[in-house]
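In case you want the letters, here they are:
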Amino acid sequence: MKFQRFQKRQHTFASSELDVSYDRLTTKFELKENGTLVYSVFLGLLPFRRSKLVINDKPATLTIFWMIFWSSKLQNSDGLVVSELLPQRRRKSIGVLAYVVLITTIKISIGLMA
């Protein structure tokens, strides 16, 4: 697997084009609507973010959780939802979590048999 510093994805949300990007080294998360920056934040050490945004002249809620596994969701007042803004990031975090659980289980079982 090749290391990718930037993870990007495009979505269509309420007749707007959304560009989502995440920088893995600096933990910078950006959300752009039709090329205009709507939200930008360094996630840093805070694993949970909930922000109110205005997208397409309607209020929307952006929720990001990244501590154990990645989850990013965008929902507007009409009930439209983008359940995962960066699905590649979520798949990778679930894979890493499964690997850690597997290795920890093997270590514990070896320790109990010794």
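Look a little higher up for the structure.
What you see is a predicted model; the values in this text were computed from it and never measured.

K.L.:
Help me out: how do you make sense of the packing of aromatic side chains in this one?
P.N.:
Under the defined criterion, the tally for this structure stands at 4 aromatic pairs. Considering the side-chain rings of Phe-29 and Trp-70, the 6.3 Å spacing of their centres and the 40° angle between planes classify their relative orientation as tilted. Within this pair, whereas Phe-29 is found in strand E3 (residues 28-33), its partner Trp-70 is found in the loop between strand E6 (58-65) and strand E7 (71-76), the two being separated by 41 residues in sequence. Considering the side-chain rings of Phe-65 and Phe-69, the 6.2 Å spacing of their centres and the 70° angle between planes classify their relative orientation as edge-to-face.

K.L.:
Looking at this model, I keep getting lost on the pairing of E6. Mind explaining?
P.N.:
The two faces of the sheet receive side chains in turn, since in a regular strand these alternate between them. For strand E5 (residues 48-55) and E6, the ladder comprises 8 bridges, and the chain directions are antiparallel. In the sheet register, Ser-51 faces E6, and the bridge partner there is Leu-62. Here E5 folds back onto E6 in antiparallel fashion, the turn holding 2 residues, of which Asn-56 has a positive phi close to 60°. Pairing between E6 and E7: 6 bridges, direction antiparallel. Following the sheet pairing, Ile-64 is matched in E7 by Ser-72.

K.L.:
When you look at the sheet that holds E3 in this model, what are you seeing that I'm missing?
P.N.:
Hydrogen bonds along the backbone pair up the strands of a sheet, which may run parallel or antiparallel. Pairing in this open sheet of 4 strands is antiparallel, and the strands run E1-E2-E3-E4 from one edge to the other. Both outer strands of the open sheet, strand E1 (6-13) and strand E4 (36-42), are each paired with one neighbouring strand and no more. Averaged over all adjacent pairs, the angle separating strand axes in this sheet is 15°, with direction ignored. One ladder, built from 6 bridges, connects E3 with E4; its direction is antiparallel. From the neighbouring strand, Phe-29 faces E4, where its bridge partner is Val-41.

K.L.:
Is there a simple way to think about the pattern of salt bridges in this case?
P.N.:
Opposite charge on two side chains allows them to pair when their charged atoms are near. By the definition in use, this model includes 3 salt bridges. With its nearest N and O atoms 3.3 Å apart, the salt bridge here joins Lys-28 to Glu-30. For Lys-28, a relative accessible area of 27% translates into the label partly exposed. Exposure remark for Glu-30: the relative accessible area of 17% places this residue in the buried category. A salt bridge links Lys-58 to Asp-78; its shortest N-O distance comes to 2.6 Å. Of the two residues, Lys-58 is situated in strand E6 and Asp-78 in the loop between E7 and strand E8 (81-82); the sequence distance between them amounts to 20 residues.

K.L.:
Looking at this model, I keep getting lost on the nonpolar core. Mind explaining?
P.N.:
Nonpolar side chains tend to gather and get buried jointly when the protein is soluble and globular. Within the largest apolar cluster, 19 residues are counted, with the highest numbers of intra-cluster contacts made by Phe-29, Leu-31, Ile-55, Leu-62 and Leu-74. Not counting residues within four places of it along the chain, the set of residues in contact with Phe-29 comprises Val-20, Ser-21, Tyr-22, Tyr-39, Ser-40, Val-41, Leu-43, Leu-62, Ile-64, Trp-70, Leu-85 and Leu-86.

Each value, and the rule that gives it
- Residues numbered from 1 in each chain as written.
- Predicted model: local features only at pLDDT ≥ 70, side-chain atom pairs only at ≥ 80, totals over all residues.
- Heavy atoms only, no water.
- Phe/Tyr/Trp six-rings, centres within 6.5 Å; stacked < 30°, edge-to-face > 60°.
- Helix = DSSP H or I, 4+ residues; strand = E, 2+ residues; numbered from the N terminus.
- Pairing = 2+ DSSP bridges.
- Axes fitted to C-alpha atoms, helices over the stretch in contact; angles between N-to-C directions.
- Salt bridge = Lys/Arg side-chain N within 4 Å of Asp/Glu carboxyl O.
- Buried < 20%, exposed > 50% of the residue type's maximum accessible area, 1.4 Å probe, protein only.
- Core = buried A, V, L, I, M, F, W, Y, C linked by side-chain atoms within 4.5 Å.
- Contact = heavy atoms within 4.5 Å.

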